[in-house]
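# Structural overview
Here is what each chain is made of, one letter per residue.
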Amino acid sequence: MKNHRHTNGGFWLVACFALGLGSASIAQAKECELGTKTKHYKTHIGKSGRQSIVEFFTKSNGSKTKIYAYGYANVDGSGPKKDIKNPNPKLRERVDKGAVFVYGLSKSADECVYEGGEVYNYDDGKTYYLKITIESNGNLSLRASLDKKGWLGESLTWTPLSPQDIAKYEGEKPDFAVVEESYSSLPSEFKP
């Protein structure tokens with residue numbers, strides 16, 4: 001596992017659904033826009049037994065765009081958790097709610113694949129390389145790994161939330177200023 005190199009953490013990440021419009025290439029391009037249509041996902045169940053609700057967002061600078069995600073609720077209704085396993089003792093009192101934990105993803109040549117980013121895991125306090133593939137059913141297939149190629153890692157699935165589920169958790173979202181503060185502390189290599 002890589003060492004945690006920076007200050008942000010959280011849950012996990014993303015997908016979009018097919019629009020059923022026009023040609024297959026247009027429909028595929030639209031359903032594969034991570035963080036623009038369906039932005040809310042339910043994560044896998046982590047080693048801690050918790051399952052989280054996350055939201056993706058984008059940041060752009062000119063022609064460069066990067067994708068990020070933060071967690072804002074736990075499926076079991078429990079409150080925010082402290083980052084007690086963070087390798088940086090100064091960060092062990094911060095909570096996961098509103099913290100950017102997926103960062104720096106860019107769209108690859110394959111329209112439905114996002115890579116080049118990282119994900120921080122609150123369960124073990126480690127940071128992993130990340131690749132996300134948007135499946136045809138709207139699920140996100142995440143590959144979190146120790147190596148950039150993804151050979152030494154784990155595959156996870158996140159599912160998009162229905163409008164009813166989004167409404168159920170919407171009241172738990174932090175003010176976006178909390179997310180922006182977390183984003184601002186990311187290293188420049190993860191920003192557009």
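Before going into details, it helps to say that this report is about the structure given with it. All figures in this text were calculated on a predicted structure; none of them were measured in a lab. (Residues numbered from 1 in each chain as written. Predicted model: local features only at pLDDT ≥ 70, side-chain atom pairs only at ≥ 80, totals over all residues. Heavy atoms only, no water.)

### Structural notes on the side chain of Asn 74
With respect to the helices and strands, Asn 74 occurs in strand E3 (residues 64-74). Exposure remark for Asn 74: the relative accessible area of 2% places this residue in the buried category. Side chain to side chain, Asn 74 and Ser 52 meet in a polar contact 3.2 Å long. (Helix = DSSP H or I, 4+ residues; strand = E, 2+ residues; numbered from the N terminus. Buried < 20%, exposed > 50% of the residue type's maximum accessible area, 1.4 Å probe, protein only. Polar contact = N/O pair within 3.5 Å; in protein donor to acceptor, adjacent residues only side chain to side chain.)

### Focus: the packing of aromatic side chains
Following the criterion strictly, the structure yields 11 aromatic pairs and no others. For the ring pair Tyr 68 and Tyr 183, a centre distance of 5.0 Å and an interplane angle of 85° mean the geometry is edge-to-face. Residue Tyr 68 is located in strand E3, and its partner Tyr 183 is located in helix H3 (residues 176-184); the two are separated by 115 residues in the primary sequence. Accessibility expressed as a relative area gives 0% for Tyr 68, which makes it buried. Pairing Tyr 70 with Phe 176 gives two aromatic rings, centres 6.1 Å apart and planes at 70°, and the pair type is edge-to-face. Linking Tyr 70 in strand E3 with Phe 176 in helix H3, this pair joins segments that are 106 residues apart in sequence. According to the relative accessible area criterion, Tyr 70 is buried, its value standing at 0%. Judged by its relative accessible area of 35%, Phe 176 is partly exposed. Through pairs of rings, three or more aromatic residues link up here, namely Phe 57, Tyr 68, Tyr 70, Tyr 72, Phe 176 and Tyr 183. (Phe/Tyr/Trp six-rings, centres within 6.5 Å; stacked < 30°, edge-to-face > 60°.)

### What to know about the pattern of salt bridges
One pass over the structure, following the stated rule, counts 10 salt bridges. Lys 107 serves as the salt-bridge partner of Glu 33, at 2.4 Å between the closest nitrogen and oxygen. In this pair, Glu 33 is assigned in the loop between helix H1 (24-31) and strand E1 (40-42) and Lys 107 in strand E4 (residues 100-107), connecting sequence segments 74 residues apart. With a relative accessible area of 31%, Lys 107 lands in the partly exposed category. Across the pair Asp 96 and Arg 50 runs a salt bridge, and its minimum N-O distance is 3.9 Å. Of the two residues, Asp 96 is situated in the loop between E3 and E4 and Arg 50 in the loop between E1 and strand E2 (52-61); the sequence distance between them amounts to 46 residues. (Salt bridge = Lys/Arg side-chain N within 4 Å of Asp/Glu carboxyl O.)

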